[in-house]
Amino acid sequence: MMKTCLKLLGKLLIAALAFFAVTFTIYFFNLDMKATALLAPWLEKWYDHQEHDQYI
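Residues numbered from 1 in each chain as written. Predicted model: local features only at pLDDT ≥ 70, side-chain atom pairs only at ≥ 80, totals over all residues. Heavy atoms only, no water.

A.B. asks: Which residues make up helix α1 (residues 2–28), and what are the values?
C.D. replies: End to end, α1 covers 38 Å across 27 residues, agreeing with the expected 39 Å (1.5 Å per residue, within 8%). A positive phi of about 55 degrees marks Asn-30, the residue just after α1. (Helix = DSSP H or I, 4+ residues; strand = E, 2+ residues; numbered from the N terminus. Expected span 1.5 Å × (residues − 1).)

What follows is the structure, given as structure tokens:
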């Protein structure tokens with residue numbers, strides 16, 4: 001029982017460290033905003049073609 005718990009705890013620790021490494025890399029290199037900058041022209045084009053209500 002204890003051996004199984006330690007294996008599970010070890011796997012959870014590895015998964016948590018991997019998740020931290022990925023999110024830290026995204027944060028450190030500002031990858032979320034770089035991806036947004038790449039998608040912005042496509043998103044603006046899509047948004048401009050949508051019908052909008054003119055009521056204020």
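A.B. asks: Provide a residue-level description of the packing of aromatic side chains, including the pertinent values.
C.D. replies: For any pair of aromatic rings, the description rests on two quantities: the centre-to-centre distance and the angle between the ring planes. Summed over the entire model, instances satisfying the criterion amount to 4 aromatic pairs. With centroids separated by 5.1 Å and ring planes inclined at 90 degrees, the aromatic side chains of Phe-28 and Phe-29 adopt a geometry described as edge-to-face. The exposure class assigned to Phe-29 is partly exposed, which follows from its relative accessible area of 46%. An aromatic cluster is built from Phe-20, Phe-24, Tyr-27, Phe-28 and Phe-29, whose rings are joined through pairwise contacts. (Phe/Tyr/Trp six-rings, centres within 6.5 Å; stacked < 30°, edge-to-face > 60°. Buried < 20%, exposed > 50% of the residue type's maximum accessible area, 1.4 Å probe, protein only.)

A.B. asks: Describe a nonpolar patch on the surface, naming the residues involved and giving the relevant values.
C.D. replies: A cluster of nonpolar side chains, contributed by Phe-20, Val-22, Phe-24, Ile-26, Tyr-27, Phe-28, Phe-29 and Leu-31, occupies part of the molecular surface with about 860 Å² of accessible area. A total of 6 residues in the nonpolar patch trace back to one element, the largest contributor, which is α1. Considering the arrangement of structural elements, one finds Ile-26 in helix α1. (Patch = residues over 30% accessible without salt bridge, like charges linked within 9 Å, V, L, I, M, F, W, Y side chains within 5 Å. Areas by Shrake-Rupley, 256 points an atom, 1.4 Å probe, with all protein chains shown as cover. Salt bridge = Lys/Arg side-chain N within 4 Å of Asp/Glu carboxyl O.)

A.B. asks: Summarise unusual backbone geometry; cite the residues concerned and give the values.
C.D. replies: A positive phi angle, close to 55 degrees, is found at Asn-30, a residue other than glycine. In this fold, Asn-30 is placed in the loop between α1 and α2 (31–48).

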